[in-house]
Amino acid sequence: MFRTRLELDRVRAARGVIDPVFLDSPLFGCDALGRALGCAVSIKLETANPVRSFKARGTELVVGGLRDQGRTAVVCASAGNLGWALGWSGRRHGMDVTVVASRRAPAAKLDRIRASGAVLEVVDGDFELARERAAEIARRRCIRLVEDSLDVETCEGAATIGLELAQQAPSADAVLIALGGGAMATGVGYVLKVLAPGTEVICVQPRGAPAMTRSWRERRVVTTDSADTIADGVAGRYPIPAVLDDLLVVADDAVLVEEASIMAGMRLLLQHAGLVVEPSAALGVAAVLEDPDRFAGRHVVTIICGSNVDLDDYHRWVGAGP
């Protein structure tokens, strides 16, 4: 049996800790989208919950564990979705939450972090600078720093999606997973390798933010000087070694897609599935658009991981391109 930081028993136990509102998200076939893409497409909808992303599956585990330890405060750096999820879980459990985010993050995400009750600190610079500031706050206040993907609870929470997929779509040929820090890819990928080993696990990342994909391909950590993509939720530049080790075990492939394909994927999800999604959630569709022969006639599952997007940006992207 292959080894990762995850254990199936712990992933199963996580379902008893996570608020049920985030569990058992819908999976449905979308014939119209499938006809447009030339394959059978099923959508795993991780946006039908109070924070409109999959992130609370992990923050529920983090905050629940801290509560059991008698801890009362936590801090994280976030591109947006993790911060909102941590704020939501913190409020539910009476936890003091601080979120550090880049001023470049979508305004809609920043507004929702504030509305969750979390204290928001905005920094000039990208996510990596926000992560440095969050670490500084954690040291100064002696509180828990939540690091998405590095903290195994965030991966275990995402892995519960894999448990559901193994039951809902055991015969799927491929599952397309947005790749950023790696929590969802390693979590879902691990469970599928254990419970549905015939399913191909394909990670998808923007060509403008390729650090984790390059690292997977070269089997070593590869950093980048910058990230240039509309998919802000997956725009990291410094892969975490422990996460890469897991990804090397559970991912069958990692592919890069163009910005135009991401925008086209967002348009197709609106047109054929009635879904308004953020760019990261359209990466799976973008992968099919760029390599249709690979997926022709196959049953493909794409995970719609988030729908937190500024409407002005959304209209600009969806109205752009061919």
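Every value quoted in this text rests on a predicted model; they were computed, and no experiment measured them.

Remarks on the environment of His-93
Item 1. The topology assignment puts His-93 in helix α4 (residues 81-93).
Item 2. In sequence terms His-93 and Thr-72 are 21 residues apart; their C-alpha atoms lie 9.2 Å from each other.
Item 3. Among all residues touching His-93, those that are not within four sequence positions of it are Glu-60, Val-63 and Arg-67.
Item 4. A polar side-chain atom of His-93 sits 3.5 Å from a polar atom in the side chain of Arg-92.

Considerations on the side chain of Asn-308
Item 1. Within the element layout of this structure, Asn-308 appears in the loop between β10 (299-304) and α14 (311-318).
Item 2. Among the polar contacts made by the side chain of Asn-308, one reaches the side chain of Arg-52 at a distance of 3.3 Å.
Item 3. Residues within four places of Asn-308 in sequence aside, it is in contact with Val-51, Arg-52, Ser-53, Asn-81, Trp-84, Lys-109, Arg-112 and Glu-278.

Here's the deal with the sheet that holds strand β2 (residues 40-45)
Item 1. Read from one edge to the other, the open sheet built from six strands follows the order β1-β2-β10-β7-β8-β9, with strand pairing classed as mixed. Edge positions in the sheet fall to β1 (27-29) and β9 (253-257), since each of these pairs with one other strand and no more. Taking each pair of neighbouring strands and ignoring which way they run, the sheet shows an average axis angle of 25 degrees.
Item 2. Bridge analysis of strand β7 (residues 174-178) against strand β8 (residues 200-206) gives five bridges, and the strand direction is parallel. Residue Ile-177 lies in a different strand from β8, and its bridge partner there is Cys-203.
Item 3. Across the sheet, helix α8 (residues 183-195) lies against β7, β8 and β10, angled at about 160 degrees from β7, the strand it touches most.

Some words on the packing of helix α9 (residues 211-218) against helix α10 (residues 241-250)
Item 1. α10 packs onto α9 with a crossing angle of 60 degrees between their chain directions and a minimal axis gap of 10 Å. Considering their axes alone, α9 and α10 lie oblique with respect to each other. Relative to α10, α9 is oriented so that their crossing is right-handed. Facing α9, whose interface residues are Met-212, Ser-215 and Trp-216, α10 presents Val-243, Leu-244, Leu-247 and Leu-248.
Item 2. Its residues assigned to classes, the contact of α9 with α10 comprises six nonpolar, one polar and no charged.

Cut-offs and rules
- Residues numbered from 1 in each chain as written.
- Predicted model: local features only at pLDDT ≥ 70, side-chain atom pairs only at ≥ 80, totals over all residues.
- Heavy atoms only, no water.
- Helix = DSSP H or I, 4+ residues; strand = E, 2+ residues; numbered from the N terminus.
- Contact = heavy atoms within 4.5 Å.
- Polar contact = N/O pair within 3.5 Å; in protein donor to acceptor, adjacent residues only side chain to side chain.
- Pairing = 2+ DSSP bridges.
- Axes fitted to C-alpha atoms, helices over the stretch in contact; angles between N-to-C directions.
- Parallel < 35°, antiparallel > 145°, perpendicular 65-115°, else oblique.
- Left-handed = near helix turned anticlockwise from the far one by under 90°.
- Nonpolar A, V, L, I, M, F, W, Y, C, P; charged D, E, K, R; others polar.

Keep in mind these numbers describe shape, not what the thing actually does.
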